[in-house]
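Inside the fold
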Amino acid sequence: MTRPDDAAERARVVHVVLPGGITGPTAPSGGNTYDLRVCRDLPDLGWRVRRLAAPGTWPRPDRAATAGLARRLAELPDGAVVLLDGLVACGVPDVLAPEAARLRTAVLVHLPLADETGLAPGVAADLDARERRALHTVRAVVATSEWAAGRIRAHHGLAASRVAVARPGVDAAPQATGTDGAGRLLCVAALTPRKGHHRLVDALLTLAGDFPWTCDLVGGAGRDARYADELRQKVRKSGLGGRIRFAGPRAATELDAYYAAADLLVLTSYAETYGMVLTEALARGIPVLATAVGGVPEAVGTAPDGSVPGLLVPDGEPAALGAALRAWFDDAGLRRRLTISARGRRAMLEGWEMTSHGLAEVLERLRDEPWSR
């Protein structure tokens with residue numbers, strides 16, 4: 001390829017490589033929401049966004065998908081600014097390497113590949129090695145939390161200057177009315193092993209006869225239909241099918257309605273680089289209960305008075321989750337304090353404009369770097 005004639009035009013274009021099917025009705029994940037939102041907002045900062053869909057079973061694509069991505073990158077003009085979703089980029093360093101010298105590339109890492117729960121050890125090790133090579137190949141890496149940035153730098157041996165942070169934003173939302181202030185629980189997460197729904201169900205089983213609660217599980221089966229089926233069977237066998245309800249994937253006004261009715265947002269993940277659903281709940285003044293993994297404490301944050309707007313339980317201690325839920329139901333004073341704290345945190349949350357500004361700064365640095373073929 002040759003350098004484009006109109007360098008100024010090239011300098012204000014970013015080619016964003018996204019997983020195929022990102023806008024599908026069954027794919028309202030946090031990472032997809034983030035990608036689509038910054039594509040929408042970057043034009044307000046002077047960037048022309050050209051979206052490139054990359055169909056395939058990422059991060060382990062077949063030959064056709066790998067060849068298709070290689071072809072799309074090869075068609076881009078020399079010196080083009082390219083932002084690749086990490087799910088697509090991190091598993092194919094051999095596709096990135098031939099274009100590294102002529103393209104200004106950055107990778108947006110939503111979740112390190114080896115952090116996905118349930119991978120065989122050999123698969124996890126292979127993905128981790130591929131990711132390391134990919135991130136050393138590109139010019140910049142964007143993480144979605146300070147925690148994730150620190151982990152990427154330390155684990156993959158990247159210089160601090162090469163890893164930037166652009167945390168997910170959150171839209172302002174009406175304060176949730178909830179129900180009785182206690183009994184309506186909500187979990188918004190794809191039905192995958194990493195989200196830990198099974199341990200939430202186990203904890204709820206210990207409380208079945210003690211409190212009048214319900215729990216809505218909002219999220220699709222994603223890439224693990226077997227896990228979703230096993231979870232549904234577990235709930236059916238428990239006899240709590242009327243209280244633990246599978247709502248499927250929801251978005252927009254449908255999801256808003258679930259938040260509006262919630263008293264507590266619960267997220268029992270094994271790994272999270274941030275946890276967008278936590279800030280979405282807090283934006284509505286809903287307290288949260290979550291496992292304190294990865295970037296979750298960063299997302300939950302604190303209210304102006306220094307209080308934590310929720311209950312953070314240690315990972316790997318199943319009894320702690322049940323104990324936290326019991327404390328929530330037992331102690332009206334605790335619920336009141338957490339609700340006040342959540343409403344305080346609500347006023348401090350950053351909007352998506354901060355996310356786009358952070359990402360735009362990375363793109364500007366790429367654009368301004370000395371370039372030679």
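Parameters at a glance
- Residue numbering note: each chain is counted from 1, following its sequence as written.
- Given that this is a predicted model, residues contribute local features only at a pLDDT of at least 70 and side-chain atom pairs are listed and counted only at 80 or more, while totals for whole chains, interfaces and linings are drawn from all residues.
- Each side-chain value is worked out from all heavy atoms of the structure, with water and hydrogens disregarded.
- In DSSP terms, a helix is any run of H or I states spanning at least four residues, a strand is any run of E spanning at least two, and both are numbered starting from the N terminus.
- Atoms counted for the radius of gyration: C-alpha only. Globule rule: 2.2 Å times residue count to the power 0.38.
- Relative accessibility thresholds used throughout: buried, under 20% of the residue-type maximum; exposed, over 50%; partly exposed, between the two (1.4 Å probe, protein chains only).
- Any two residues having at least one pair of non-hydrogen atoms within 4.5 Å are treated as being in contact.
- Every accessible area reported is derived by Shrake-Rupley at a probe size of 1.4 Å, with residue values counting cover from the shown protein chains alone.
- Under the counting rule used here, the positive set is Lys and Arg, the negative set is Asp and Glu, and His together with the chain ends is not counted.
- Where a charge lies is defined by one atom per residue type, namely NZ (Lys), CZ (Arg), CG (Asp) and CD (Glu).
- In this analysis, strands are considered paired if DSSP registers two or more bridges between them.
- To get an axis, a line is fitted to the C-alpha atoms, and for a helix only the part in contact is used. The angle between two axes follows their N-to-C directions and goes from 0 to 180 degrees.
- To count as a disulfide, a pair of cysteine sulfur atoms needs to be within 2.5 Å.
- A carboxyl oxygen of Asp or Glu within 4 Å of a side-chain nitrogen of Lys or Arg is what we treat as a salt bridge.
- Buried Ala, Val, Leu, Ile, Met, Phe, Trp, Tyr and Cys residues form a nonpolar core when they are joined through side-chain atoms within 4.5 Å.
- Under this definition, polar contacts are N or O atom pairs within 3.5 Å; protein pairs additionally need one hydrogen-donor-capable and one acceptor-capable atom, and for neighbouring residues in sequence, both atoms have to be side-chain atoms.

Here the focus is the overall build of the protein chain. Check the secondary structure of the protein chain and you find 15 helices and twelve strands. For 373 residues, the compact-globule estimate of 2.2 N^0.38 gives 21 Å, and the protein chain sits close to it at 21 Å. Expressed along its principal axes, the backbone C-alpha trace of the protein chain runs to roughly 70 × 40 × 35 Å. When burial is assessed residue by residue, the protein chain has 53% of its 373 residues classed as buried. Counted over contacts in the protein chain with a minimum sequence separation of 6, partners at least 24 positions apart contribute 73%. As displayed, the protein chain offers around 15,800 Å² of accessible surface, 53% of which is attributable to carbon and sulfur atoms. Taking the average location of the 46 positive side-chain charges in the protein chain and that of its 43 negative ones, the two points are 2 Å from each other.

Our focus in this paragraph is the sheet that holds strand β4 (residues 104-109). Pairing between the strands of a sheet comes from backbone hydrogen bonds, and it takes one of two forms, parallel or antiparallel. The sheet built from six strands is open, its strands ordered β2-β1-β3-β4-β5-β6 with parallel pairing. With one partner strand each, in any of the chains shown, β2 (48-54) and β6 (163-165) form the two edges of the open sheet. Here the average twist between neighbouring strands, direction ignored, is 25 degrees. Here strand β5 (residues 140-143) pairs with β6 via three bridges, running parallel.

Our next topic: the environment of Ala 182. Looking at the secondary structure, you find Ala 182 in the loop between β6 and β7 (184-188). Linking Ala 182 and Ala 281, residues 99 residues apart in sequence, is a C-alpha distance of 15 Å. Not counting the four nearest positions on each side in its chain, Ala 182 is found in contact with Asp 263, Trp 328, Phe 329 and Arg 335.

For the rest of this paragraph, the subject is the state of the cysteines. The tally for this structure, following the rule as stated, stands at zero disulfides. This cysteine, Cys 39, is not joined by any disulfide, and Cys 90 carries the nearest cysteine sulfur, 17 Å off. Free of any disulfide, Cys 187 has its nearest cysteine sulfur in Cys 215, 6.3 Å distant.

Attention now goes to the pattern of salt bridges. Tallied over the entire structure, the rule returns 27 salt bridges. Here Arg 133 makes a salt bridge to Asp 94, at a shortest N to O gap of 2.3 Å. Of the two residues, Arg 133 is situated in helix α6 (residues 121-137) and Asp 94 in helix α5 (residues 93-96); the sequence distance between them amounts to 39 residues. One connected set of salt bridges, linked through shared partners, spans Arg 12, Glu 364, Arg 367 and Asp 368.

Glycine aside, residues mostly have negative phi, and peptide bonds are mostly found in the trans state. That bond from Trp 58 to Pro 59 is cis: its omega, 10 degrees, falls within 30 degrees of zero. Mapped onto the fold, Pro 59 is located in the loop between β2 and α3 (63-74). For Ala 252, which is not glycine, the phi dihedral falls at a positive 55 degrees. Structurally, Ala 252 is set in helix α10 (residues 252-261).

Below, the discussion takes up the nonpolar core. One finds Leu 185, Trp 213, Tyr 259, Leu 265, Leu 278 and Leu 325 to be the most contacted residues of the largest nonpolar core, which totals 83 residues. Every residue in contact with Trp 213, bar those within four places of it in the chain, is listed here: Gly 183, Leu 204, Leu 207, Ala 208, Leu 240, Arg 243, Ile 244 and Phe 329. Membership of the second largest hydrophobic core comes to 32 residues, among which are Leu 76, Val 88, Ala 149 and Ile 152.

Mapped onto the elements, Arg 102 comes out in the loop between α5 and β4. At 3.1 Å, the side chain of Arg 102 forms a polar contact with the backbone oxygen of Ala 74.

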